[in-house]
Structure formats: C-alpha cells, structure tokens
Amino acid sequence: MLFRSVETNLDGWGIHAGTATRSSSYARDGAWSLRFVASATTGVHGVYAGAPPGRIGGIAAGNAYSASAHLLVEGAHPDVTARIEWFDSSDTMLAVTSGQSTPLPANAWTPFIVSGNAPAGASRATVTFYTEGDNGSATYYLDDFSLQAATATGDQTPPSVQ
C-alpha cells in the first residue's frame, strides 16, 4: 500500500527548490518522517514521490487512483497543494490532477488526498506536495504517503515502485 516508506531512506523521493531529509523530530506513524525545507522565495517548492527515472509504476490507464499523506508544520506556513502527474512509458507527462490548496495549521497533522483517473496511455505517476510564492525557508514534515488504485469491488491495490 505504501510507496516507499521514509522509515529506512528517501529513495524514490525528489525535491523542487529545497532540501529533504529524514527526521525523527515528528512522526505520525513509525519513528521517521520526511522533513522538507524550501530554499527559494519564488516559484514552486515541494517534495514528490516517484522521482525519475522510475516514477511510480503499475498505473493502468482509465483506473481511478487516490494519493494521500499527512503534513505537519511547527508554525505558520503557506497553503500546500497535492497533485498527481501522469506519465506514459516514455516518461512524457500526459496530464495533471490537482487537489485543493490547503492551509497547514501549526503543530497538527493535516491529511491531504487527491484522486483522479489515469488518462489514456498512462503507466506511471508522480505525486507532488507543493507550495508556491514567497516561502523563504518554510518547513514541513510529511508522513504516511500512499498511492492506491480503486478496483471495481472497492478493494485497494497498490501500484508498484519501479
């Protein structure tokens, strides 16, 4: 069910304009979370599951998927948006499914969920949690990431990590 747990390492995770490390300061489940610190004051900053070249494999075009995670900040933080980026087998981005921009209250784990159907030709995905604008050194913690496919019976089948 989980992509790659941050309990052992950050393999498969990527960053946009910042740094990502494992942290034992906060963890919703287990002993570790992913700690992201933005390093830019403009543009997009965030972390994503499914870093190239592998992305998250096992995606079937036309199927419904749901990505989720919990994020926490110690103080004020700009809104965060979750999105699924859909790719074909040649690593060409086909489409993006975005969730709503959500504020993070201080010192509380906030759930993020984004759901969508994989477009025609999709076989891989990346899930990004990002902020935009002047965020300076904004910091957040991420834990309990998953990407699941809903089957006709309602069972959850996890995609594979390639």
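The structure under discussion appears in the preceding block.
Numbering of residues starts from 1 in each chain and follows the order in which that chain's sequence is written. At least 70 in pLDDT is required for a residue's local features to be given in this predicted model, at least 80 for side-chain atom pairs to be given and counted, and no such filter applies to totals for whole chains, interfaces and linings, which use all residues. Hydrogen atoms and water are omitted, and side-chain values are computed over all heavy atoms in the structure.

**Q** Account for the overall build of the protein chain, naming residues and giving values.
**A** What the protein chain contains, in helices and strands, is zero helices and 13 strands. Along its sequence from the N terminus, the protein chain presents helices and strands in the succession β-β-β-β-β-β-β-β-β-β-β-β-β. Going through the 162 residues of the protein chain one by one, you find that 43% of them count as buried. Each accessible area value is a Shrake-Rupley result obtained with a 1.4 Å probe; residue values ignore everything except the protein chains displayed when judging cover. Entry remark: accessible area of the protein chain is about 7,300 Å², with carbon and sulfur atoms responsible for 50%. Each helix corresponds to a stretch of at least 4 residues labelled H or I by DSSP, and each strand to a stretch of at least 2 residues labelled E; elements are numbered beginning at the N terminus. Using a 1.4 Å probe on the protein chains alone, a residue whose accessible area is under 20% of its type maximum counts as buried, one over 50% counts as exposed, and one in between counts as partly exposed.

**Q** Account for the pattern of salt bridges, with residues named and values stated.
**A** What counts as a salt bridge is simple: a side-chain nitrogen of Lys or Arg found within 4 Å of a carboxyl oxygen of Asp or Glu. Under the criterion given, the structure shown has three salt bridges. The partner of Arg 55 in a salt bridge is Asp 91, and the shortest N-O contact between them spans 2.7 Å. Separated by 36 residues along the polypeptide, Arg 55 in the loop between β4 (44-49) and β5 (56-57) and Asp 91 in the loop between β7 (81-87) and β8 (93-98) bring together distant segments of the chain. Looking at Arg 55, the relative accessible area reads 11%, which means it is buried. On the basis of relative accessible area, Asp 91 is assigned to the partly exposed category, the value being 29%.

**Q** Describe the packing of aromatic side chains, and please don't skip the residues or the numbers.
**A** Two rings from Phe, Tyr or Trp (for Trp, the six-membered ring) form a pair when their centres are within 6.5 Å of each other. A pair whose planes differ by under 30 degrees is stacked, one over 60 is edge-to-face, and the rest are tilted. Taken as a whole and judged by the stated rule, the model has six aromatic pairs. Ring centres 6.5 Å apart and planes at 90° place the aromatic pair Phe 112 and Phe 129 in the edge-to-face group. Highlighted residues: Phe 112 in strand β9 (residues 110-117) and Phe 129 in strand β10 (residues 124-132), separated in sequence by 17 residues. Relative accessible area serves as the criterion here: at 3%, Phe 112 is assigned to the buried category. Here a set of aromatic residues connected by ring pairs shows up, and it is made of Trp 13, Phe 112, Phe 129 and Phe 145. Sitting above the plane of the Trp 32 ring, Arg 22 keeps its charged end 3.9 Å from the centroid. Think of it as a cone above the ring: NZ of Lys or CZ of Arg counts as a charge over the ring if it is within 6 Å of the ring centre and within 35 degrees of the ring normal.

**Q** Account for the environment of Asp 144, with residues named and values stated.
**A** Note on placement: Asp 144 falls in strand β11 (residues 139-150). Through-space distance from the C-alpha of Asp 144 to that of Gly 30 is 9.1 Å; in sequence the pair is 114 residues apart. Contacts described as polar in this section are N or O atom pairs within 3.5 Å, which, within protein, must combine one atom able to donate a hydrogen with one able to accept it, while residues neighboring in sequence count only if both atoms come from side chains. Among the polar contacts made by the side chain of Asp 144, one reaches the side chain of Arg 28 at a distance of 2.6 Å.

**Q** So what about unusual backbone geometry? Which residues, and what values?
**A** Backbone geometry places Asp 91, a non-glycine residue, at a positive phi of 70°. With phi around 60°, Asp 144 is a residue other than glycine that occupies positive phi space.

**Q** Which residues make up the side chain of Thr 126, and what values go with them?
**A** Within the element layout of this structure, Thr 126 appears in strand β10. What makes Thr 126 buried here is its relative accessible area of 1%. In this structure the side chain of Thr 126 is engaged in a polar contact, spanning 3.1 Å, whose partner is the side chain of Arg 55. Note on definitions: a residue-residue contact is assigned when non-hydrogen atoms from the two residues lie within 4.5 Å. Once residues within four sequence positions are removed from consideration, Thr 126 is found in contact with Tyr 48, Ala 49, Gly 50, Arg 55, Arg 83, Ile 84, Glu 85 and Phe 87.

**Q** Tell me what's going on with the nonpolar core, and back it up with residues and numbers.
**A** Residues Leu 71, Phe 129, Leu 142, Phe 145 and Leu 147 are the most contacted members of the largest nonpolar core, which totals 32 residues. At the level of elements, β3 (33-38), β4, β6 (64-72), β7, β9, β10 and β11 are the ones that each hand at least two residues to this core. No other element matches β11, which puts five residues into this core. In this structure Leu 71 touches Val 80, Leu 104, Ala 108, Trp 109, Thr 110, Phe 112, Phe 129, Tyr 140, Tyr 141 and Leu 142, once residues within four positions along its chain are discounted. Only buried residues count toward a nonpolar core, which is a set of Ala, Val, Leu, Ile, Met, Phe, Trp, Tyr and Cys residues joined through side-chain atoms within 4.5 Å.

As far as function goes, none of this settles anything; it's purely spatial.
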